[in-house]
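Take a look at the letters that make up each chain.
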Amino acid sequence: MAQRISQKSRNTSEVLNTLPRRVSEIINEVQLSSSNHHKNKVALHRVYVDAISIREVVKDGCVLTGMHKFKHAIYLMVIRLLDAEKGASGDRVAKFLVEFIKYLLEEEDFHEYEQDSNKIQGSIAQTFTNQFVQQLLKKGCAAKEKNIRYRSVALCANIALGLVQIHESLYYSLREILFDRINDEDWTIREHAAIALCTFHRVDDPEELEAKGLTSSSDVLLDSLSNDTKQNVRLSILKNLDIREDTIDYILDRTRDTVVEVRKEVYSLLEKNVLIGDEDDKDDLEMGRMHPKILSNAHRDLIIKNGLGDRDPSVRDSAVKLLTKWVDSITIGDVWQDRPQGSMQETNLFKLLTLFNLRANDTLSEAIIKVFETNPRICNDVLFCNTDWLSLTPETAFLERVYFQYCVKNKCITQLAEVHPVVMDFAFYMQEYFNGMVDVIQRYQEEASNTNLDDVARAILQAQVDDQELITSEVLKIAIHLDYGDEIGRRKMEQLVRDFLIHEDLPVGLIGPCVELLREITVNEHELIHIVNHIIIPTVLRNSEVDVDQVCANFDALDVTSFPSQRQQAREYSAGSQGQKGKVTARCLCICESMLVLVNVIIKEHSPIRNIADLVYSAVERETDDEIKEMAFRCFALIGLIYPSVAAKALKFFLGHMANHDMPDELRLLATQVSFDLLLWYGEENMHKWCNVDHLVIHFVEALDEEEPTDDMRVLLCEGLVKLMNAGVLVDEQITNLLIENYFSPEYTKNQSLKQCLSFFVHKYCALLPDNQERISKTFVHAFLKLCDKLDTDGLPLIAQFVDMFLTWTHPKYIQEQDKLRKCGVNLDTCIHLNLAFRIIRELLQEDSLRVPKEHKKILLQVFSHKLYLPDHIDDVEVRHFKMLLDKIPSFFHLDASSKKGFEKFQLDFAKKYEKQLELFTETNLRALNKFHKEIAFLDEIVPSRPESSSLNIGKSSKRGKKRRFASLTSRSSSEADDIYPHGKNGPSKRPRHTVQRNEFDWDSDSLSLSNSPFLTRDHASKDVDGTSKEEILDDLLIVNQNVVPTLDLDFNYTNPRNKNQPVAVSMLRSDVNPTIIPEHELKKVDVTVSFAPGIPEP
């Protein structure tokens, strides 16, 4: 018996002594390859079984001695892993540990054991896992070292993901750790935490969490999905987050994300959730959360609108794939219905269209065309259907119209011929549908006056009117694509459209399609104007029994200087004659506007359009209804853009109304749009003829410098001025100063449209030409002082970022297409950075520079710590003058260590770069030149006049204030970042917000281009100046390299949709012209802070 006990003691001692070595050998082997993980997992479990069998009996029970030894050995290995750098070896070890814990929990049976005099019934493996997380990983997740936090969070996340079942205590331990790390400053840590929380999101019990007062993981994940600055984190959440009722809105919001990959992932996620089950077995399929029948109307319209409206083709393709999946799966769960064989109602596409509001969805037709182009099978389903033109429904009419557009767009002549009706027959079809629509409208008008009609019956009648109007509209659009080679059919169609336009029951929404069809039938624009002016408008007035003098007046009598307050008599005249006259005027203006939009030629003198101008003038002067007046304004603008004779009068008229604060905001915005359109359309030459440019600049500056202009007005003014500057029509220093000031002002941080417009402008403008960079750099001091006035010391990092952005914009490397510019003779070796530094030094030496806080002055001095660009060729006198200014800085300021080091380094670089030009340089020689007598006088006055007591200790902390770090934006501490950046709407975040590095920008330059105009250059003249007079030296030194600024040929999208080589007449008023402000998801190609600080808009 004693021998048996001795043998057992030796075995126990051997197991305990060899346990660390066995664990170490297994860990060393698994880090080499993942293929041996299963074998080593079993081996480590054998070590674990041997260890837990060793127990030490004590007075009140037993102690798991072997278990403690095993745990100690594992902990040592994990500590080494946590401190290791990121790499494949460490990842393999971490993966193995997670696999082992999962295997351990699956293999372990429940045991009863005594420990510390307490009887515990449960799993030893579960206890080991809990202690592993609580004692080791929880502390590692809170470590200061980033690698330790990364490994700890990765292990916790993988443990959470790998377990099929999880103990309650382990669940809450992991949950607490992950909640803390979801706001970590390292995005890789945040990513792992987010992935694990997505697993907890599936098993969270809202009632239990609410009872315990805990935050739901759904709230934390959705906040990160909306506000996290790193696209990888947002992508990981999207891939692992379940689509539920509380998450779908947040997921669909990512269809407008700033990153293309995120937007693509959203549509891929939606496509995966359309169906549930094996798609190979159709009997087993069920409708998923993203099935079109499950989604609401708003969600379906949002998905189609954002997907097909995206600028990136890959996102549009993903949206088309989703729509195709909807078409193929629309019959899931349908009950069989008996329908006519070969009818349009049998197609899946028809069934899908019944779920959409066809009147409100503008992008659906484009989406269906994309489906036809990518899926010929769906297109053929529509082709082989028998069309009954006399029994169209809203869905079949819409589908037929889209199919016609598809055939015309892709030039499918054969397919179009198979469905192409004869013009004469189609005219009778149109007449039938128009008469049916008029009957429904008249019946609705009769029934609507009946007070006994309930809301349900009224809604049914309104739906019938809407359906008939939609069918008639689609039929009119189909008629545009017919072949009018048959003259008899063409005349029949022309007369029919005229009758439609003069009919008093024609809905306003059908006037545009009727006029567009009339334009296709007529020979040219002049004939269209003649028909509208001499036939349609007089007939409308005559049928309405309205005096022509009441709705028409002499356009030449228009007083562009008068304002509504001076037109009281005209207002009183129109106030008593509203009603029928107002309806007739609105109808005539709608016809005129629809016609003017289609005119793409310049109208000469003695044109019938003068009569239309009389009608427009009367509405502008006499009408008090804002809607009619707005229509008259648009017509007047369109006339000015195609009729040069009235353009000058139109410009003065709209500029006057732009400054009239008594006008409604909508009319002022429209007047501002038209003013910029006229200036852009007719160019700089006509602008100088029509108005005083100085007065025009003052006019725009005053409008933009108002205290409280609306956000829309401010955006519109900045957008228009940006266009004028890009086109070279109006370039002025005051305007540039105001644009830069609005860009950086903290007051407009929340105005996203303004930030987007100005950000696009500044980056594109500076990347185009060195002269543009110089123009922007001249605004630095003005913008810096304005920003200092609006920000206190808490905004120092923002001011530092402002300085850094200016240096980036004005660096010669920022210029795009440099090879082309060099071939054109543009000098890229510019002195812009030196000129900027010169302005900064002068500002520092100004007498009134005390108004700039010393903390802000330190930021200015840190400009010299940046890598300023020093050109190879620069005037000798300029170099010597700048050297003299540099020498004055140390004597005027007491620099701290960091500022002094950066400044001295810049001095050495400057002296080394221009060593030859600074040889034999003395201040006396420079003072002898008359060119710099003002600068010399400035230095003589400013430096000696400052007493020693007033010199500023730049960089030294105040005795009353706390010392701050603001030397670098990218190296600030977490506490400082939390103090600087405001919290988001969901509360404070534990993660400091990140700044954007200036080398992260990759701006697309497709929308800006240079013309091939020649460039005139004059080389720098150099000669031996020995023995020459001072006047000759000055003449030579004043000869500089002069460049003629190239003409900018900017694409403002003034193109005719039918003829791309022919310009159109308006930009902001036409639907076929793309807006200048591009969407937020295309502009921002870098990760930016969501809750950005209130000082600087992120670029």
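Reading the values: the criteria
- Residues numbered from 1 in each chain as written.
- Predicted model: local features only at pLDDT ≥ 70, side-chain atom pairs only at ≥ 80, totals over all residues.
- Heavy atoms only, no water.
- Helix = DSSP H or I, 4+ residues; strand = E, 2+ residues; numbered from the N terminus.
- Buried < 20%, exposed > 50% of the residue type's maximum accessible area, 1.4 Å probe, protein only.
- Contact = heavy atoms within 4.5 Å.
- Areas by Shrake-Rupley, 256 points an atom, 1.4 Å probe, with all protein chains shown as cover.
- Phe/Tyr/Trp six-rings, centres within 6.5 Å; stacked < 30°, edge-to-face > 60°.
- Lys NZ or Arg CZ within 6 Å of the ring centre and 35° of its normal.
- Expected span 1.5 Å × (residues − 1).
- Polar contact = N/O pair within 3.5 Å; in protein donor to acceptor, adjacent residues only side chain to side chain.
- Axes fitted to C-alpha atoms, helices over the stretch in contact; angles between N-to-C directions.
- Parallel < 35°, antiparallel > 145°, perpendicular 65-115°, else oblique.
- Left-handed = near helix turned anticlockwise from the far one by under 90°.
- Patch = residues over 30% accessible without salt bridge, like charges linked within 9 Å, V, L, I, M, F, W, Y side chains within 5 Å.
- Salt bridge = Lys/Arg side-chain N within 4 Å of Asp/Glu carboxyl O.
- Lys, Arg positive; Asp, Glu negative; His and termini not counted.
- Charge placed at Lys NZ, Arg CZ, Asp CG, Glu CD.
- Disulfide = S-S within 2.5 Å.
- pLDDT = per-residue confidence, 0-100.
- Core = buried A, V, L, I, M, F, W, Y, C linked by side-chain atoms within 4.5 Å.
- Nonpolar A, V, L, I, M, F, W, Y, C, P; charged D, E, K, R; others polar.

### Things to note about the overall build of the protein chain
Point 1. Tallying secondary structure elements over the protein chain gives 49 helices and ten strands in all.
Point 2. Here the protein chain holds 1099 residues, and the buried ones make up 52% of them.
Point 3. Of the contacts made within the protein chain by residues no fewer than 6 positions apart, 74% connect residues no fewer than 24 positions apart.
Point 4. Per element, the accessible surface of the protein chain, about 52500 Å² overall, is 48% carbon and sulfur.

### Concerning the packing of aromatic side chains
Point 1. Throughout the structure, instances matching the rule amount to 34 aromatic pairs.
Point 2. Each ring, one from F70 and one from F100, has its centre 6.3 Å from the other, and the planes form 50°; the classification is tilted. Here the residue F70 occupies a position in helix α3 (residues 65-82), and F100 occupies one in helix α4 (residues 88-107), the gap between them amounting to 30 residues.
Point 3. Taking relative accessible area as the criterion, F100 reaches 2% and is therefore assigned buried.
Point 4. Taken together, the aromatic side chains of Y743, F744, F780, F784, F802, F806 and W809 make up a single cluster linked through ring pairs.
Point 5. Lying across the ring of F356, R300 places its NZ or CZ 5.7 Å from the centre.

### What about helix α30 (residues 626-642)?
Point 1. With 17 residues, α30 should cover 24 Å at 1.5 Å per step; its first-to-last C-alpha distance of 25 Å lies within 8% of that length.
Point 2. Across the 17 residues of α30, 13 count as buried, placing the element largely inside the fold.
Point 3. The residue sitting at the N-terminus of α30 and contributing the capping side-chain oxygen is D625; that oxygen lies 3.1 Å from the backbone nitrogen of E627.

### Some points on the packing of helix α7 (residues 168-181) against helix α8 (residues 187-203)
Point 1. At a minimum axis separation of 9 Å, α7 and α8 run at an interaxial angle of 140°. Taken together, α7 and α8 sit at an angle that is classed as oblique. Handedness of the α7/α8 crossing: left-handed. Residue-level inspection shows Y171, L174, R175, L178, F179 and R181 of α7 in contact with α8, the latter providing I189, R190, A193, A196, L197, F200 and V203.

### A look at the side chain of E395
Point 1. With respect to the element layout, E395 can be found in helix α19 (residues 394-409).
Point 2. Non-local contacts of E395, meaning those with residues more than four positions away in its chain, are made with F350, L353, T354 and L358.

### A few points about helix α29 (residues 609-622)
Point 1. Counted at 1.5 Å a residue, the expected span for α29 with its 14 residues is 20 Å, and the 20 Å between its end C-alpha atoms agrees.
Point 2. Counting buried positions over the 14 residues of α29 gives eleven, a clear majority of the element.
Point 3. Those residues of α29 not exposed but buried are I609, I612, A613, D614, L615, V616, Y617, S618, A619, V620 and E621.

### Things to note about unusual backbone geometry
Point 1. One non-glycine residue, K411, adopts positive backbone phi at about 55°.
Point 2. Along the polypeptide, K411 turns up in the loop between α19 and α20 (413-419).
Point 3. Positive phi outside glycine occurs at E817, with the angle close to 55°.
Point 4. Looking at the secondary structure, you find E817 in the loop between α39 (796-809) and α40 (818-823).

### Things to note about the environment of F70
Point 1. Under the relative-accessibility criterion, F70 is labelled buried at 0%.
Point 2. Taking C-alpha positions, F70 is 6.3 Å from A51, a pair spaced 19 residues apart along the chain.
Point 3. If we skip the residues at most four places from it in the chain, F70 touches L19, V23, L44, V47, Y48, A51, F100 and F128.

### Thoughts on the environment of D499
Point 1. On the secondary structure map, D499 appears in helix α23 (residues 487-502).
Point 2. C-alpha separation for the pair D499 and T539, spaced 40 residues apart in sequence, amounts to 9.9 Å.

### Section: a negative patch on the surface
Point 1. A cluster of acidic side chains, namely D625, D626, E627, D665, E666, D711 and D712, defines a negative patch on the protein surface.
Point 2. If you list the elements that add at least two residues to the negative patch, you get α30, α32 (665-690) and α34 (711-726).
Point 3. Among the residues examined, D665 registers a relative accessible area of 45% and is labelled partly exposed.

### Digging into the environment of S899
Point 1. Within the secondary structure, S899 sits in helix α44 (residues 897-913).
Point 2. By relative accessible area, S899 is classed as buried at 2%.
Point 3. In this structure, the C-alpha to C-alpha distance between S899 and L860, residues 39 residues apart in sequence, is 9.9 Å.

### Examining the state of the cysteines
Point 1. Going through the model one piece at a time under the given rule, you end up with zero disulfides.
Point 2. C635 takes part in no disulfide bond, and the closest cysteine sulfur, belonging to C592, lies 5.7 Å away.

### Focus: the confidence of the model for the protein chain
Point 1. This prediction gives the protein chain a mean pLDDT of 74; 74% of its residues lie at or above 70.
Point 2. Contacts of residues 109-122 to residues separated by more than four positions or lying in other chains number 26 contacts, the stretch itself having pLDDT below 50.
Point 3. Counted against residues more than four places away or in other chains, residues 560-577, with its pLDDT under 50, gives 24 contacts.

### Looking at the nonpolar core
Point 1. With 298 residues, the main nonpolar core has F70, F372 and M493 as its most contacted residues.
Point 2. Per-element accounting of this core gives the leading share, twelve residues, to α32.
Point 3. Membership of the second largest hydrophobic core comes to six residues, among which are L768, L769, I815 and V826.

### Considering the packing of helix α2 (residues 37-52) against α4
Angle between the axes and distance between the axes: these two values describe a pair of packed helices.
Point 1. Viewed as axis vectors pointing N to C, α2 and α4 meet at an angle of 55°, and their least axial separation amounts to 10 Å. Accordingly, the angle class assigned to the pair α2 and α4 is oblique. Crossing angle aside, the handedness with which α2 passes α4 is right-handed. Contacts from H37, N40, K41, V42, L44, H45 and Y48 in α2 reach R92, F96, E99, F100, Y103, L104 and E107 in α4.
Point 2. Residues of the contact of α2 with α4, tallied by class, amount to seven nonpolar, three polar and four charged.

### A short note on the pattern of salt bridges
Point 1. What the rule picks out here adds up to 31 salt bridges.
Point 2. Of the charged contacts, one joins D328 and R377 as a salt bridge, the two residues approaching to 3.1 Å between their closest N and O atoms. Note that D328 is positioned in helix α15 (residues 313-329) and R377 in helix α18 (residues 376-383), a separation of 49 residues in sequence.
Point 3. We classify D328 as partly exposed; its relative accessible area is 35%.
Point 4. Accessibility expressed as a relative area gives 46% for R377, which makes it partly exposed.
Point 5. Between D819 and R822 there is a salt bridge, and its shortest N-O distance comes to 3.6 Å. Of this pair, D819 and R822 both sit in helix α40, three residues apart, which is roughly one turn of that helix.
Point 6. One network of salt bridges, in which partners are shared, links E487, R490, R491, E494 and R498.

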